[in-house]
Amino acid sequence: MDGTLTNATLYGYAVDNWQTPAWAREAVVYQIFVDRFATGAEGAPVGDGWLEPEGMIQFVGGDLPGISARLEYIADLGVSAIWLTPIFLAAEYHAYDTIDYTQIDPRFGTVDDLHALVTKAHSLGLRVILDFVANHTSDSSPLFQSALADENSPYGNWFSFGPQYKHGYRCFFNVASMPQFDTDSPEVRRYLCDAACYWLHEFDIDGYRL
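Quick notes on the rules
- Residues numbered from 1 in each chain as written.
- Predicted model: local features only at pLDDT ≥ 70, side-chain atom pairs only at ≥ 80, totals over all residues.
- Heavy atoms only, no water.
- Buried < 20%, exposed > 50% of the residue type's maximum accessible area, 1.4 Å probe, protein only.
- Helix = DSSP H or I, 4+ residues; strand = E, 2+ residues; numbered from the N terminus.
- Pairing = 2+ DSSP bridges.
- Axes fitted to C-alpha atoms, helices over the stretch in contact; angles between N-to-C directions.
- Contact = heavy atoms within 4.5 Å.
- Phe/Tyr/Trp six-rings, centres within 6.5 Å; stacked < 30°, edge-to-face > 60°.
- Lys NZ or Arg CZ within 6 Å of the ring centre and 35° of its normal.
- pLDDT = per-residue confidence, 0-100.

> Help me get a handle on the pairing of strand β4 (residues 98-104), residues and values and all.
β4 sits mainly inside the fold: five of its seven residues count as buried. Bridging between strand β3 (residues 88-90) and β4 involves three bridges; their strand directions are antiparallel. Pairing of phenylalanine 88 across the sheet is with isoleucine 104, part of β4.

Structure, rendered in structure tokens:
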């Protein structure tokens, strides 16, 4: 059967009547892997400040100031938006295992660095899209650690536990370090939405990749 806003199909779920903004329909997006793109304060040469990890699954040293210093180069490519991989406090270099949705990982920079990046990007006609991982968190997250340690924790229903799960809890593609949120919980939805709204309102970012 055909799906509509009032009669969604099995694989369609209408949340509201929100419409995609016109700029997004025409956007040419340049994705930036924050830890691997560029490092250093504005004007620093490429390569200045890189770390020397023993392997490629460790932090290399890319950061927000490094991106800001190269925004003119990106704008000259003809793109209209940049999409940053996650910048929030995380355990791994890729940062898709968020520990705290309200903090920028200090290895990537500061709130002032993000403000400066957004301001400069907008002055060059570039939109800024942040990656927001709303499906799962890090097993180092205080929320998960509380739920794991105490079945009476206020965060106990934020995750799914049980013997049916390989690691004793539901996680992203069975990766033990990425426990999955139970987004059927109103508290989880409120927490994630509040965090998302904070960065939208306080930093004037243009959207999220979810």
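There is more to say, and it comes next.
> Account for the sheet that holds strand β1 (residues 29-32), naming residues and giving values.
Two strands in a sheet stick together by hydrogen bonds in their backbones, pointing the same way (parallel) or opposite ways (antiparallel). Within the open sheet, the four strands sit side by side as β1-β2-β5-β6. Their pairing is parallel. A strand with exactly one partner marks an edge of an open sheet, and here the two such strands are β1 and β6 (207-209). Ignoring strand direction, the axes of neighbouring strands in this sheet form an average angle of 30 degrees. With four bridges joining them, β1 and strand β2 (residues 81-84) adopt parallel strand pairing. Directly across from valine 29, in β2, lies its bridge partner alanine 81. Docked against the sheet, helix α5 (residues 111-123) engages β2 and β5 (127-131), running at close to 140 degrees with respect to β5.

> For the packing of aromatic side chains, give the residues involved together with the corresponding values.
Under the definition given, this model contains 20 aromatic pairs. Centroid distance phenylalanine 144 to phenylalanine 161: 6.1 Å. Interplanar angle 15 degrees. Geometry classified as stacked. You can see phenylalanine 144 sitting in helix α6 (residues 142-149) and its partner phenylalanine 161 sitting in the loop between α6 and α7 (186-203), a full 17 residues away along the chain. By relative accessible area, phenylalanine 161 is classed as partly exposed at 33%. If you follow arginine 36 out to its NZ or CZ, it ends over the ring of phenylalanine 33, 5.9 Å from the centre.

> Can you break down the environment of leucine 77 residue by residue, with the values?
In this structure, leucine 77 sits in the loop between α4 (71-76) and β2. Leucine 77 sits 47 residues away from tyrosine 30 along the chain, and the two C-alpha atoms are 9.3 Å apart.

> Before we move on, can you summarise the confidence of the model for the protein with the specific residues and values?
Per-chain confidence: the protein averages 89 in pLDDT, with 89% of residues scoring 70 or above. When the elements of the protein are averaged for pLDDT, helix α1 (residues 22-26) gives the smallest value, 90, and β2 the largest, 98. Ignoring residues within four places in sequence, the model shows residues 42-47, a span with pLDDT below 50, making nine contacts including any to other chains.

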